[in-house]
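This is what each chain is made of:
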Amino acid sequence: MASVLSYESLVHTVARARTRLQLQVGVVKVLLTTPLWVVNTRLKLQGAKFRNEDIVPTNYKGIIDAFHQIIRDEGISALWNGTVPSLLLVFNLAIQFMFYEGLKWQLLKKQMKLSSLDVFIIGAVAKATATRLTYPMHRVQSILRFGHHRLNPENRTLGNLWNILYLLHERVRRFGILGLYKGLEAKLLQTVLTAALMFLVYEKLTAATFTVVGLKRAHKH
């Protein structure tokens, strides 16, 4: 009985600790790498033709020049455009694990053990759910990183993070609610399979580790 309780409590403890660690690492990663993503996004889109007349073209000669122009023309804080949606997207992991653990324990109420297929499916469902819930923030994140977009009718350059709600509203107004999810299919294909495989490997490693230390999973009688 003690080993059973130890196993179940240890599984929950490991899951919670893993989620907290990933959230903390995610926040630090966002704060450190956002300036690089801002410059990267602008350089990739430079020279592209936009049908939206509200977008202002840029002219950077390279990475260093991009940093210089952004700081000179928009202020150093512009290097962190898109930080708020990026931080919100960190919670994609928390949502993903919350749904995964919920689905996992619901299945374990009905059967003694999860098969590899069970783990793969609930991992895929959990990731797909988390991605659907947070995907609109990806759209806002990209626009804020690009930065050179004008607010109408004020005709001011977009760069402040408080404009997240404005961007979401404009997206819905122009394209309907489905406009918030344009490109979702590609994102799901990109992330769901990876997440499902990750959960499968995680469960296998967890089971192997607990076997080594002598803990066993609870069995129904």
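Residues numbered from 1 in each chain as written. Predicted model: local features only at pLDDT ≥ 70, side-chain atom pairs only at ≥ 80, totals over all residues. Heavy atoms only, no water.

The chain goes by Solute carrier family 25 member 17 in an unreviewed UniProt entry, where it is assigned to Theropithecus gelada. The UniProt entry for the chain carries the following comment under Sequence similarities (unreviewed entry): "Belongs to the mitochondrial carrier (TC 2.A.29) family." Looking at the chain in UniProt, the text filed under Subcellular location (unreviewed entry) is "Peroxisome membrane". (UniProt positions renumbered as here; feature names shortened; annotations may be inferred.)

### A closer look at the packing of helix H3 (residues 83–108) against helix H6 (residues 184–212)
Two numbers describe how H3 lies on H6: the axes approach to 13 Å, and their chain directions differ by 60°. In terms of axis orientation, H3 runs oblique to H6. Taken as a pair, H3 and H6 cross one another with a handedness that is right-handed. Facing H3, whose interface residues are Gln96, Phe97, Tyr100 and Lys104, H6 presents Ala195, Met198, Phe199 and Glu203. When the residues that make up the contact of H3 with H6 are grouped by side-chain class, the tally is five nonpolar, one polar and two charged. (Axes fitted to C-alpha atoms, helices over the stretch in contact; angles between N-to-C directions. Helix = DSSP H or I, 4+ residues; strand = E, 2+ residues; numbered from the N terminus. Parallel < 35°, antiparallel > 145°, perpendicular 65-115°, else oblique. Left-handed = near helix turned anticlockwise from the far one by under 90°. Contact = heavy atoms within 4.5 Å. Nonpolar A, V, L, I, M, F, W, Y, C, P; charged D, E, K, R; others polar.)

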